[in-house]
Every structure is written in C-alpha cells, then in structure tokens.
Amino acid sequence: MHDPKFVRENPQAFDAALARRGVGPLSAQIIEIDSRRRAILTRLQAAQARRNEAAKMIGAAKGRGDHAEAERLMAEVGNLKAEIQADEIAERQVDMDVEAALSSIPNLPDPTTPEGPDETANVEVRRHGIPRQFNFEPRQHFDLGEGLGQMDFEAAARISGARFVVLKGMLARLERALGNFMLDLHTSAFGYTEVSPPTLVKSDALFGTGQLPKFEEDLFQTTAGLWLIPTAEVSVTNLVREQVLNEADLPYRFTAFTPCYRSEAGSAGRDTRGMIRQHQFSKVELVSITTPEQSDAEHERMVHAAETVLQRLELPYRVMLLCTGDMGFSARKTYDLEVWLPGQNAFREISSCSNCGDFQARRMMARSKASGAKTPRLVHTLNGSGLAVGRTLVAVMENYQQADGSILVPKVLQPYLGGQEVLNVQP
RNA sequence: GGACAGGUGGCGGAGUGGUUGAACGCGCCGGUCUCGAAAACCGGAAUACCCGCAAGGGUAUCGGGGGUUCGAAUCCCCCCCUGUCCGCCA
C-alpha cells in the first residue's frame, strides 16, 4: 500500500517508478480522489467543531439553570445534524475510494531492481556448485519416486484430485527430515526464532501481506470465511500487525515450517507431472522485521541463510535478481534461488527472498519506535523461502539418484534418517 | 454449541449522559541529587488525520460497526474477542 501523502508530494517519482513495472501513471487519479477526501473531511470537521462548541454551551446553560438559552442553542445546532450525517456518509465512501485506488497498486521497485518485462530479464548474480556428470540418463523425481514405491500420485488423485501427492516410507520421512534440518539450521546458525503459526487466516492478514484484494483467485477459502495460507509469510509477517515494536529489539527473525496451499488457477497445463507445482506443499519460511536502515543488509543476510541450506545439502544453484516484470506485488527487490534439477536439465526456483520495504507494514499498521523518538514509524518486512521443502525433496532425489534408481542421502540429512545412507525400493 | 462475566492509554485499574483524552498505581522519557548507580523528589509523555509557511488550531479514537441524543467511554442494536462453568471433542 502506498502513502497518499507520498504520492501527493512526489507524483512524478511515483509514476516513474510505476512505469518501471509497466504500470501506467496513476498519481493524478490518486491525487484527485485524495483531495476530494480532504475537502469533505475539512468541511465535516468544521461542522463537528461547531456542534461540539454548542453542545458544551448547552451543558453550561443547563448547569446554571438557564433553560431558555439551552432551548435556543439546541434548536440552532439541530440543523447541523443532517449536514454532519451527510458528510459522514460521504467521507466513508471517499475513504473506500482511496483504499480501492491504492490497494491494488504494486510496490515501487528498488533502484537496484533491474527493469524488464518478464523472467528473461532477470539477472544472474552468482552460481554455486557444479552440476554432477551422470554416466546414465538422469531421471525425473516422479519416475524415481514411483520406482521406489514411495510417491503415489494416483492415490492422491483418488483422495484429493490433481496436483496432490502421497509420500510414503522413507520419502515421507525425508520430507520431515528436510524441514527439521532447515529449521535447525536457521534457528542455530542464523538466529531465527521458530514459530508454529495458524495456517488458516482472516482476510485482514492476507490484505496485510498483499495477497488480497488482488489475488483472491490464487487462494483457497473455507466456508467459514477463513483462508488457507499460500505461504507462512502471511501468518508470520502478520505477527507484528497493529503493533508498535521497540526499535532496540529489531530485527525480529522468524522461521516456520508449514504447509502452503495454492489454487494454481492460472497455471493449467504447467508442471502437471510431479511435485513441482502442487495445491499443497510444505515450506520453511523466513521472515524478518527491521528498521528502514537495516532492511537492505537483512535482505542479503536472508539470501545467505537460504543459500546455506543448498550448500549444506551440496545442491548446485544460482542466484537470480528478479527484474521489475517478474517481481511479486509486495516486493521492491527480490532474489530467487534456482536449484539445478538434472532430471529436467534446468534450474528451477526453490526460494524467493523479498524486501517489501514499508509496503506491507503500512497495510498491517506495523510500526516501531526508538527510545528517544516522539512518533513511531513503519517497519520494513522481508520474507524468503528457506527453502520450499517439496522442491528441495525433488532436488535431492534428482541430484543424488543412482543408476539403479536408489537415492543417496546427503550427509547432513543422515542423522535425521536414523543414519541411513541410501533410499532403496521398499517392499 | 449453551449459560454467565468481561473487553478503557505500554501494563494494571477508576470512571453509567455534559471541561474525562480519560483519576490513581506501575512502567517509560527528561531533570535534580550522586564519583557513578539505586532510592527519593520535580517535570514530561497517546495515536491517526485535517487546516496552516509557521506558531498554532481542529476532528476522530475507551474491542469493531450501526443507532438514540444538542451532547455518548457511559443508553440501545448487531458483530468480534477473552475468561469461567456446562456440553462436545483431537
């Protein structure tokens, strides 16, 4: 969400930044609605001031027993009532107009975010690890998983339909191991606090992080009106909504291992086989709450934390700086981590780390206050996957596969799998 | 789900129609004292928005939303949440 005052004072900068995202100029329209709102508000408040003054005089008159004067004033101020009520209605309407105009505009890109129309304009920042050479044709994860008898898409389809999977045996345990490994790493090496948040949330929470009102079609909503989270970013970032935090306590760093639910409404036909794109997947999320001064450094730190997961798993990856056209709604700067998948012979997104600046904070009313400061200010929020567990499982399987279809267990995961070094066909 | 009881400032807690934006206590900030600190004492301090170059002025906010009234933290209606008991239940 944008600050109407900022738009009013920097219309050309605002439109120029939007243009970098391929959005046409909107400042004139916003300023028009905002000035209409302020005009109504000024008029309403003047009427309320007159009414309050008269009401006080009535009280004083009654207090000294001057009923004639009280009657006279009451008749006089009675006329203000209709005027005030009409302006109150007008004000409510124009407030909604302002919110409608502002709530669907994406965040302004950071100056360091490259400009471009789509993912082809993303910039590769660095690579890590060398893809392994296979002396056989590497298979995709779903072939491997079905071959192991531990990945069942047909059973999932009978239960839940397309885009679900049932993991069994050691693959189910591997998913749990990955989640535990990531949580352990982030909490012990990077100072994140583990949280176990609700995965059903109110509309307000989704508005706060920017999924609503614009992206309703990507979400599952329950008949009770609650929504399934598409990412733990929603629950965890909203931990600080409507709070004034002590600035000395920042940054807050949270990590959570949760299921995520996405309708994948716009992706029919894409990644239809396998676990890459599911309605439900698990993910370890990283969320940081910082001061404006800290957020850029915290962003780099978060990417490093996510990269460390891949490094410890010894999976090759590259870091991409997303361009304006490929970046999410709430982000002003985003790094994606793309892991190498030998079965697909391609890099695939496995993490996305975004600095949202004060964009989400304004929607959530999340603020902080320094000990000497007079007024609170908006915090900065950052979120990143650390990592998408389902896709990490895919990456481990494809990168660690052997010619006979078995999977070697990465060293760091072996303690989580009872010391087991290989995943074989299970009876 | 049922029955009660509640939701007031950072926290605790007064306040049932007219200078109550809100007593009092704690906490917080500044100062005095001190070598320094503690204690004590003095003083300060809500948030958002609007008007204004500014000084300053104004409006709203006592869970949320409506309503009654010249005037609502106080009265009425709806909703949400919390606590206790009962029922149910992982």
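Data block above holds the structure.
Here is what the cut-offs are and how they apply
- Residues numbered from 1 in each chain as written.
- Chains lettered and ligands numbered in written order.
- Predicted model: local features only at pLDDT ≥ 70, side-chain atom pairs only at ≥ 80, totals over all residues.
- Heavy atoms only, no water.
- Helix = DSSP H or I, 4+ residues; strand = E, 2+ residues; numbered from the N terminus.
- Contact = heavy atoms within 4.5 Å.
- Areas by Shrake-Rupley, 256 points an atom, 1.4 Å probe, with all protein chains shown as cover.
- Lys, Arg positive; Asp, Glu negative; His and termini not counted.
- Charge placed at Lys NZ, Arg CZ, Asp CG, Glu CD.
- Buried < 20%, exposed > 50% of the residue type's maximum accessible area, 1.4 Å probe, protein only.
- Core = buried A, V, L, I, M, F, W, Y, C linked by side-chain atoms within 4.5 Å.
- Near = heavy atom within 4 Å.
- Polar contact = N/O pair within 3.5 Å; in protein donor to acceptor, adjacent residues only side chain to side chain.
- Nonpolar A, V, L, I, M, F, W, Y, C, P; charged D, E, K, R; others polar.
- Axes fitted to C-alpha atoms, helices over the stretch in contact; angles between N-to-C directions.
- Parallel < 35°, antiparallel > 145°, perpendicular 65-115°, else oblique.
- Phe/Tyr/Trp six-rings, centres within 6.5 Å; stacked < 30°, edge-to-face > 60°.
- Lys NZ or Arg CZ within 6 Å of the ring centre and 35° of its normal.
- Pairing = 2+ DSSP bridges.

Draft legend 1. Representation of the overall build of chain A. Along its length, chain A carries 13 helices and 17 strands. C-alpha atoms of chain A, sized along the principal axes, occupy 100 × 45 × 45 Å. Contacts in chain A between residues far apart in sequence, at least 24 positions, make up 74% of those at least 6 positions apart. Here chain A has roughly 19,700 Å² of accessible surface; of this, 51% comes from carbon and sulfur atoms. For chain A, the distance from the average position of its 48 positive side-chain charges to the average position of its 55 negative side-chain charges is 3 Å.

Draft legend 2. Molecular detail of helix α13 (residues 389-399). The buried fraction of α13 amounts to 11 of the 11 residues, a majority that puts the element mostly inside the structure. Within α13, the full set of buried residues consists of V389, G390, R391, T392, L393, V394, A395, V396, M397, E398 and N399.

Draft legend 3. Structural context of the nonpolar core. Of all hydrophobic cores here, the largest spans 52 residues; its most connected members are L174, L178, L337 and L393. Sort the elements by how many residues they give to this core and helix α8 (residues 169-189) lands first, with 9 residues. Each residue touching L337, except ones within four places of it in the same chain, is listed here: V303, A306, E307, L310, Y317, R318, V319, R348, E349, I350, S351 and L387. In this structure, W227, L250, M364 and L378 belong to the second largest nonpolar core, which totals 23 residues.

Draft legend 4. The arrangement of the protein's contact with RNA strand B in detail. Near RNA strand B lie 22 residues; those nearest to it are T42, Q45, Q48, R51 and A55. Within the backbone of A55, one N or O atom sits 2.8 Å away from a base nitrogen of RNA strand B. If you list the elements that add at least two residues to the surface near RNA strand B, you get α3 (27-63), α4 (67-78) and α5 (80-103). Top element by residues in the surface near RNA strand B is α3. It accounts for 13 residues. Across the surface near RNA strand B, the residue classes break down as 7 nonpolar, 6 polar and 9 charged.

Draft legend 5. Representation of the packing of helix α2 (residues 11-20) against α3. Running from N to C, α2 and α3 cross one another at 135°; their axes reach a closest spacing of 9 Å. In terms of axis orientation, α2 runs oblique to α3. Residues P11, F14 and D15 of α2 form the contact with α3, whose own contacting residues are S27, I30 and I31. Here the residues of the contact of α2 with α3 are counted per class, giving 4 nonpolar, 1 polar and 1 charged.

Draft legend 6. The packing of aromatic side chains, seen in detail. By the definition in use, this model includes 6 aromatic pairs. Ring centres of F181 and Y416 lie 6.3 Å apart, and the angle between their planes is 75°; on these two criteria the pair is classed as edge-to-face. Note that F181 is positioned in helix α8 and Y416 in the loop between β16 (407-408) and β17 (422-423), a separation of 235 residues in sequence. By relative accessible area, F181 is classed as buried at 5%. Taking relative accessible area as the criterion, Y416 reaches 24% and is therefore assigned partly exposed. Consider the rings of Y252 and F254, whose centres lie 5.8 Å apart with planes at 65°: the pair is edge-to-face. A relative accessible area of 23% means that Y252 is categorised as partly exposed. Members of the aromatic cluster, connected to one another through ring pairs, are F215, F329 and F359. Taking the ring centre of F207 as reference, the NZ or CZ of R363 above it sits at 4.2 Å.

Draft legend 7. Seen up close, the sheet that holds strand β4 (residues 193-194). On the basis of which strands lie adjacent, the open sheet formed by 8 strands has the order β1-β10-β11-β12-β15-β9-β8-β4 and mixed pairing. Of all the strands in the sheet, the pair left with one neighbour each is β1 (123-128) and β4. Relative to strand β15 (residues 380-388), strand β12 (residues 346-355) runs antiparallel, the two being bridged by 3 bridges. Bridging from a neighbouring strand, N355 pairs with L382 of β15. On the sheet, α8 packs against β4, β8 (252-261), β9 (280-290) and β15 and is oriented at approximately 165° with respect to β8. Along the sheet, helix α11 (residues 295-312) makes contact with β1, β8, β9, β10 (317-321), β11 (333-341), β12 and β15, crossing β15 at roughly 5°.

Draft legend 8. A look at the sheet that holds strand β13 (residues 367-369). One open sheet holds the 3 strands; their spatial order is β7-β13-β14, and the pairing between them is mixed. Strand pairing shows two members of the sheet lacking a second neighbour, β7 (244-246) and β14 (377-378), which therefore form its edges. Summarising the sheet, β13 and β14 pair through 2 bridges and their orientation is antiparallel. In the strand pairing of β14, S368 is matched with R377.

Treat this as a map of the structure, not an account of what it does.
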